[in-house]
Protein chains: 2
Amino acid sequence: MPKHILNGYRVLDMTHVLAGPSATRLMAEMGAEVLKVEFPTAGDITRALPAIKGGRSAYFAQQNRGKKSVCLDLKADSAKEVLRDLIKISDVFIENFAPGVISRLGFSWEEVRELNPEIIMCSISAFGQEGELSALPGFDYIAQAYSGIMGMIGEAGGPPSFPMAGIGDVMTGAHAACAIGFALLHRERGGHGQYLDISLLDSYMHCHEMNIQAYSVSNGEIEPTRSGHHHYAVCPLGLFKGKTHYICIIALQNQWPGVCRAIGRPDLITDSVYETNEKRLEKSEEVIAIIQDWLDLQESDESILASLEAERVPCAPVLSISEVVNTKHILDRGVVRPIQDPKLGEVLVPGMPLRFSEFEHNQPMNTSFLGEDNKYVLEGMLGYEPQRIKKLIEEGVLFENPET
Amino acid sequence: MPKHILNGYRVLDMTHVLAGPSATRLMAEMGAEVLKVEFPTAGDITRALPAIKGGRSAYFAQQNRGKKSVCLDLKADSAKEVLRDLIKISDVFIENFAPGVISRLGFSWEEVRELNPEIIMCSISAFGQEGELSALPGFDYIAQAYSGIMGMIGEAGGPPSFPMAGIGDVMTGAHAACAIGFALLHRERGGHGQYLDISLLDSYMHCHEMNIQAYSVSNGEIEPTRSGHHHYAVCPLGLFKGKTHYICIIALQNQWPGVCRAIGRPDLITDSVYETNEKRLEKSEEVIAIIQDWLDLQESDESILASLEAERVPCAPVLSISEVVNTKHILDRGVVRPIQDPKLGEVLVPGMPLRFSEFEHNQPMNTSFLGEDNKYVLEGMLGYEPQRIKKLIEEGVLFENPET
């Protein structure tokens, strides 16, 4: 484990796929001892997700580095006993099953706090633990659709267009880690354990900085809707066709004169037809065409960006993944970083998003094979006799697969 | 302040607009005393952002409830002295100016830690405090474009389509609050202050669960790209046209038989042409058409969803904002909540995304007018003489505007 803030804390991790593992990955990166409990025979289903090399999933490795793997068949009472013993020695217990599942396994908050009143228990779900939508399946896009966020993405009049990235799951994991950190702080200051109910729906809703309040205050007169690659409320703010990239250009009121100068049309600065955002929005097709015409005459995306940057106009090329992983700033700062794996070799993954001055950034860690740490945990941590462990293995309750 | 985890902690907040204020809003909701420092004469520019009613911005109110407002002209040495005094009595100091600005004001981490070695200082920026892109303007979409996330949204072959919501800013705020919580925990356990460098680029990159590693492991053979409203790697996973909504339908391997039954085509379950995700992807146009044809024959979106849910197929209507704010589950749970404001009246805003069993959820709080708490802070908290405060007001260093 890296030398870091959470040294000395133990996290019992019954999460799988993405939202939960994102939360515990952050804690592993901060030095917690994370014990990931998986089920025989496949373990976390992401052990089978692409990209795969030598039988190892880079998806799994990215999310589960720095965690120990214990593989237990929780249908067996003897496995539940192991879990109870682990709850007694852990600081955090986190799970992201469908609501109700953890209770049916015998590990509701009431039962968990009975075992360890100081533990922080965190459940992550799509819609929260209660309420009429809580039973719906917990996929990112399902929560995104209900949150109103999906409806705010895509061309006007056409279908919504969802991001090909697990934004909802990952940021919900960040919200969960945030809540856990503050709950641990509370405990450290004399408080006790508590239960945290974190959901994708809450986290997605959190991202509506404008839409909910604007609809509400205007009594529905403002009904925000998607407007594709140009913003419905600011002009110019959108994507233009460069030579090889789409170019994002943003001009709030302060930047409009800069845009005019950059495109060689200083006359527009004082043109009353375009002087306010409201007026530009009314003539947005004209404004967009004027800017696009200028882009069409330029030699390269570099020269387009340089002209805009010289006038302090916010602008950016929309990068592809191949460009992202070759961008000097991104590599220099470890925003994307190489990790080492015995089967995958060197793989690029996103860096640790939190940077602390007192601790090294992007520390090296291993990814455990399924059940690799069974013995370390049961014998070394819980003090079980070798005979008892042998029996659990023979009964198929304790499982390992050193291939995945 | 609400009775909550951060009671007793003071946060000196020099953030504006969205990412920083999101972080400090979370801390205000958790009971911290947040002192928001603004500049004359307008204060945080979001005090002028829509929706506006009675001169008050609901945008500002949503983000800044529960914070005290101190309005200081930091060009004056006497204002810098106030800020130095506030740093000495605060636990957290947070800012989101462009990199370099806070140092030029005389409040670099080196200077701040000199004043208070126990303080947690957090800077939020688009690209981080150092590196060749760090000087770029800090707008959400600019970081989104460079992170590769924007390029993963939109129809294949067409322009990207950015979300009409401040996802990047808000979730970066959540990342920042997370880092601050753990840094406070570290201090509570015997550590000291430190500096946190949080960025939109790091937070956006964090959301690539698949794209970076898949590109890297496959040596570029897999180059993830946007694919609109149907996923490029899973079939069926996408948006279909219902009667009044787009309907999101997701079928991983386990759900494919359920889809076949729901659409009245149990024969497809054993049809070898469609038996694996790979095969379905190859014939994705056919698969999508079969499902769409079924939707076209249904009577209502409710019946479509009921048929799919009966087979446990993950599905959801893509809700509009007007539907979101009228969804029972969302209101019942306070995922969206009403807040009260003397000028705005009752406004709906997103709920507090973190739910703690030991503290009341969605507690009421006020939003301060610009400089409303000048006297409380300078006289009550710093113990300045009335004469000194009067002088600061006369010099225009201390400012207030009870209208915004």
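Since we're looking at a predicted model, the values are computed, not measured.

**Student:** Help me understand the overall build of chain A in this model?
**Tutor:** Helix and strand counts for chain A come out as 17 helices and 13 strands. Dimensions of chain A along its principal axes, counting C-alpha atoms only, are 85 × 50 × 40 Å. Burial analysis of chain A (404 residues in total) assigns 56% to the buried set. For chain A, the proportion of contacts with a sequence separation of at least 24, taken over those separated by at least 6, is 69%.

**Student:** Mind showing me how you'd approach the interface of chain B and chain A here?
**Tutor:** Size of an interface: often given as the accessible area lost when the parts come together. Each side of the interface is counted separately: chain B has 117 residues, and chain A has 117 residues. Per-element accounting of the side of chain B that touches chain A gives the leading share, 15 residues, to helix α7 (residues 167-188) of chain B.

**Student:** Would you mind going over the domain arrangement of chain A with me for this structure?
**Tutor:** Each assigned domain of chain A is listed with its residue range as follows: domain 1 (10-206 + 329-394) and domain 2 (237-241 + 246-318). Taking only C-alpha atoms into account, the centre of domain 1 of chain A sits 44 Å from that of domain 2 of chain A.

**Student:** Sorry, what's going on with the sheet that holds strand β11 (residues 315-317) of chain A here?
**Tutor:** Strand pairing in a sheet is mediated by backbone hydrogen bonds. Such pairs are either parallel or antiparallel. All names here are of chain A. A sheet is described by the order of its strands in space; here three strands give the open sequence β9-β10-β11, paired in antiparallel fashion. The sheet is open, and its two borders are formed by β9 (237-241) and β11, each paired with just one other strand. Strand-to-strand twist in this sheet, taken as the mean axis angle between neighbours without regard to direction, amounts to 20°. The pairing of β9 with strand β10 (residues 246-250) spans five bridges and is antiparallel. In the strand pairing of β10, glycine 238 is matched with isoleucine 249. On top of the sheet, helix α13 (residues 301-310) reaches β10 and β11; it is set at about 165° to β11, its chief contact.

**Student:** Please explain the pairing of strand β8 (residues 194-199) of chain B as it appears in this structure.
**Tutor:** All names here are of chain B. In terms of burial, β8 is largely enclosed, as six of its six residues are buried. Residues Gln194, Leu196 and Ile198 line one face of β8 and the alternating positions Tyr195, Asp197 and Ser199 line the opposite face, and both faces are buried. Where strand β7 (residues 120-125) and β8 come together, six bridges link them in parallel fashion. Counted as the bridge partner of serine 123 is aspartate 197 from β8.

Parameters and conventions
Residues numbered from 1 in each chain as written. Chains lettered and ligands numbered in written order. Predicted model: local features only at pLDDT ≥ 70, side-chain atom pairs only at ≥ 80, totals over all residues. Helix = DSSP H or I, 4+ residues; strand = E, 2+ residues; numbered from the N terminus. Buried ≥ 20, exposed ≤ 12 C-beta atoms within 10 Å, placed from the backbone. Contact = placed C-beta atoms within 7 Å. Domains from an automatic or database assignment. Pairing = 2+ DSSP bridges. Axes fitted to C-alpha atoms, helices over the stretch in contact; angles between N-to-C directions.

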